[in-house]
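# Survey of secondary and tertiary structure
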Amino acid sequence: MYQDLENKVAVITGASKGIGTAIAERFGKEKMKVVVNYHSDETGAQETVAIIKENGGDGIAVQADVETEEGNQLLLNQAIDKFGDLDLWVNNAGMENSHETHELSLEDWNKVINVNLTGVFLGAKTALAYFVEKNKKGNIINMSSVHQQIPWPTFAHYAASKGGVKLFTETIAMEYAEKNIRVNNIGPGAINTPINAKKFADPEQLAATTAMVPMKKIGEPEEVAAAAAWLASAESSYVTGITLFVDGGMTLYPAFQDGKG
Ligand code: BGC
């Protein structure tokens, strides 16, 4: 646990399931106060809040659409109204779907870019405006993916959004470094979350994915949450603009693992 996190206020977008929930639960253990954003899964968000409280923290569930400025502003307002401040913003909400690119509709392209990339911009903008106004040492964590680096056929919109998140993060990390605002990325690989449930329930697909991970296993959401807690804490005080991959080595060219090449 990181003692400096106690009583810190965090917004986490997309925290009704998966990695967002795991981060919220971990922040509960850190005794933080968490705005648990959800889009449509109110039950999941309420369950997350209950676990945060059981773990020793505090939380509220807030429905908001991260694709809009009003949605992000509402999350900030709730943090201030309920918990008095904002210390950390985690842009976690994301989505994916698979289409061959010549058949990918403009609607699907726009939806994925709006949630995964524009949502990160709007969340970061909202948090930055508050930190700058208050002259506050702030912290932003963006959820990217190994696919900010690894091309992913039939997921061109998703890969494009995550590639965008990478350079967006690096750019604003540089832009706000002198103001003591740190901005970092986390790049999860194959993680045991609802987004992957169907894929990993199929033994063949599970084996195919595991084969692409040098550690030969799927990651757990808690392992991503541990990275988020470290980036949130003062233990990472001199770290900004990085992507911390939590991927069992997936980004290390696993095809070379047997020494051929
Ligand atoms: C995706 C997962 C995928 C993983 C590795 C993640 O960004 O959300 O669906 O399994 O990358 O390819």
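In this report, we go over the structure that sits alongside the text. (Residues numbered from 1 in each chain as written. Predicted model: local features only at pLDDT ≥ 70, side-chain atom pairs only at ≥ 80, totals over all residues. Heavy atoms only, no water.)

With that settled, consider the overall build of the chain. What the chain contains, in helices and strands, is 8 helices and 7 strands. For a compact globule of 261 residues, the expected C-alpha radius of gyration is about 18 Å, and the chain comes in at 18 Å, within 12% of that figure. In the chain, which comprises 261 residues, the share counted as buried stands at 49%. Counting contacts in the chain only where the partners sit at least 6 residues apart, residues at least 24 apart contribute 75% of the total. As presented, the chain carries roughly 12,600 Å² of accessible surface, and 53% of it is formed by carbon and sulfur atoms. Charged side chains of the chain number 22 positive and 33 negative; the gap between the two group centres comes to 5 Å. (Helix = DSSP H or I, 4+ residues; strand = E, 2+ residues; numbered from the N terminus. Rg over C-alpha atoms; globule rule 2.2 N^0.38 Å. Buried < 20%, exposed > 50% of the residue type's maximum accessible area, 1.4 Å probe, protein only. Contact = heavy atoms within 4.5 Å. Areas by Shrake-Rupley, 256 points an atom, 1.4 Å probe, with all protein chains shown as cover. Lys, Arg positive; Asp, Glu negative; His and termini not counted. Charge placed at Lys NZ, Arg CZ, Asp CG, Glu CD.)

This paragraph deals with the sheet that holds strand β4 (residues 88-91). Two strands in a sheet stick together by hydrogen bonds in their backbones, pointing the same way (parallel) or opposite ways (antiparallel). Read across the open sheet, the 7 strands follow the order β3-β2-β1-β4-β5-β6-β7; overall the sheet is parallel. Both edges of this open sheet fall to β3 (58-63) and β7 (243-246), since each of them pairs with a single strand only. The average angle at which neighbouring strand axes cross in this sheet is 20°, direction not considered. With 6 bridges joining them, strand β2 (residues 33-38) and β3 adopt parallel strand pairing. (Pairing = 2+ DSSP bridges. Axes fitted to C-alpha atoms, helices over the stretch in contact; angles between N-to-C directions.)

What follows concerns the packing of aromatic side chains. The geometry of two aromatic rings is summed up by the distance between their centres and the angle between their planes. Taken as a whole and judged by the stated rule, the model has 5 aromatic pairs. Ring centres 6.2 Å apart and planes at 90° place the aromatic pair Phe121 and Phe168 in the edge-to-face group. You can see Phe121 sitting in helix α4 (residues 106-134) and its partner Phe168 sitting in helix α5 (residues 156-175), a full 47 residues away along the chain. Residue classification places Phe121 among the partly exposed residues on the basis of a relative accessible area of 38%. Ring geometry for Tyr253 and Phe256: centres 6.5 Å apart, planes at 90°, overall edge-to-face. In this structure an aromatic cluster arises from ring pairing among Trp152, Phe155 and Tyr158. (Phe/Tyr/Trp six-rings, centres within 6.5 Å; stacked < 30°, edge-to-face > 60°.)

Here we come to the site of the ligand. Residues in contact with the ligand, as listed here, are Glu96, Ser145, Val146, His147, Trp152, Tyr158, Gly189, Asn196, Lys199 and Met250. Measuring from an oxygen atom of the ligand, one finds a side-chain N or O atom of Ser145 at 2.6 Å. One of the side-chain N or O atoms of Lys199 is found 3.0 Å from an oxygen atom in the ligand. Coverage of the ligand by the protein amounts to 92% of the 310 Å² it exposes when considered alone. Looking at the shell around the ligand, its residues break down into 4 nonpolar, 4 polar and 2 charged. (Near = heavy atom within 4 Å. Polar contact = N/O pair within 3.5 Å; in protein donor to acceptor, adjacent residues only side chain to side chain. Nonpolar A, V, L, I, M, F, W, Y, C, P; charged D, E, K, R; others polar.)

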